[in-house]
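Reading the structure
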Amino acid sequence: MTEPSELREKVRAGYAAAAVKVTEGGTACCGSQTEGIDEKFGPAGYAADERDALPAEAVAASLGCGNPLAVAELREGERVLDLGSGGGIDVLLSARRVGTSGKAYGLDMTEEMLALALANAKKAGVTNVEFLKGAIEAIPLPAATIDVVISNCVINLSVDKPAVFAEMFRVLAPGGRVGVSDVVAEDHLTPGERAERGDYVGCIAGALSFAEYRQGLEAAGFTEVEITPTHQVADGMHSAVVRAVKPAHAPLPLVAEASAGGSCCG
């Protein structure tokens, strides 16, 4: 079996190459090696007016399987975090929806994608954005500082999904919500059968099943979990909209504060 560190590096290298391709004037692809899948990914999930309002490079770098903003129901003044922000398409669209009183953060582990996203934000003239380098398993933001977590076909790429769900829960303020597009497998498919339908970097092999996704979110503390398939991307594999809520009565975590003290004082 491939080691998690090797999988993470394959993902990083694949999306770094996609960013370079866009920077050089091309269009990114999802990286899948399975025929019949690539047309299910990309900017097609966005309305034409949304695409037209953004730099061409932001649209060309879109590698998602849906449009999380269509279900996130963003409101003026909210703080939004996009996990795996890539070329910045969802961050830029979010920033416009939350207005100047709100803020949109983008988190990505790939230097090349971050550079592309920053360039796109400058071209778009959007100022209420901030792009952060880091892993979605260890989000570099304080606890309870985000109102909405979005992501577009990225969580399936993580090698430690329980850590991702725990971090999402940590950074969300009580009452905060999740609006994610991701690839999800039918429950009867084993991990081996998922891998037969597409590779890891292509967003297929690493996908959770519907039941696993629900269990993972609920184990992290989320409630009101909804996972709704939107279209099939491979046999038994679907793009799905994932919604969840952090309970309004959820206590603020003490772990982050303790960890911060430890890192300072040793």
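Below: a short report on this structure. (Residues numbered from 1 in each chain as written. Predicted model: local features only at pLDDT ≥ 70, side-chain atom pairs only at ≥ 80, totals over all residues. Heavy atoms only, no water.)

1. A word on the environment of H249
In this fold, H249 is placed in the loop between β8 (237–245) and α10 (255–265). Separated by 74 residues in sequence, H249 and G175 place their C-alpha atoms 7.6 Å apart. (Helix = DSSP H or I, 4+ residues; strand = E, 2+ residues; numbered from the N terminus.)

2. Quick notes on helix α9 (residues 210–220)
Owing to its 3.6 residues per turn, the α-helix aligns residues three or four sequence positions apart on the same side. If you check which residues of α9 are buried, you get F210, Y213, L217 and A220. Looking straight down α9, one finds its buried side chains confined to an arc of 105 degrees; they lie on one side. Looking at α9, the residues exposed on the side facing more than 90 degrees away from the buried face are Q215 and A219. Residues of α9 that are buried in the fold lie against α7 (161–171), β5 (172–185), β6 (208–209), β7 (223–234) and β8. Just downstream of α9, G221 is the residue with a positive phi angle, here 115 degrees. (Buried < 20%, exposed > 50% of the residue type's maximum accessible area, 1.4 Å probe, protein only. Arc of directions from axis to C-beta. Contact = heavy atoms within 4.5 Å.)

3. Topic: the nonpolar core
In this structure, L81, L83, M168, Y213, L217 and F222 are the most contacted members of the largest nonpolar core, which totals 33 residues. Within the residue set of this core, elements represented by two or more residues are β1 (79–83), β2 (103–108), β4 (146–152), α7, β5, α9, β7 and β8. If you tally residues by element for this core, the top one is α7, at five residues. With sequence-adjacent residues up to four places away left out, L81 is seen in contact with Y105, L107, I139, L141, I146, V148, V149, I150 and V171. (Core = buried A, V, L, I, M, F, W, Y, C linked by side-chain atoms within 4.5 Å.)

4. Considerations on the pairing of β8
For β8, the buried fraction is high: eight of the nine residues fall into the buried class. Bridge count for β5 against β8 is nine bridges, and the pairing is antiparallel. Paired with V180 across the two strands is V242, which belongs to β8. Counting the residues in the hairpin turn of β7 and β8 gives two residues, including G236, whose phi is positive at 80 degrees. (Pairing = 2+ DSSP bridges.)

5. Thoughts on the pattern of salt bridges
Applying the stated criterion across every chain, the model contains ten salt bridges. Here E167 makes a salt bridge to R170, at a shortest N to O gap of 2.7 Å. Within this pair, E167 and its partner R170 are both found in helix α7, separated by three residues, close to a single helical turn. No difference in accessibility class separates E167 from R170, as the two residues are buried. Across the pair R214 and E218 runs a salt bridge, and its minimum N-O distance is 3.8 Å. You can see R214 and its partner E218 sitting in helix α9, four residues apart, about one turn around the helix. Residue E218 is classed as partly exposed on the basis of its relative accessible area of 42%. Each of R75, E78 and R177 takes part in a single network of salt bridges with overlapping partners. (Salt bridge = Lys/Arg side-chain N within 4 Å of Asp/Glu carboxyl O.)

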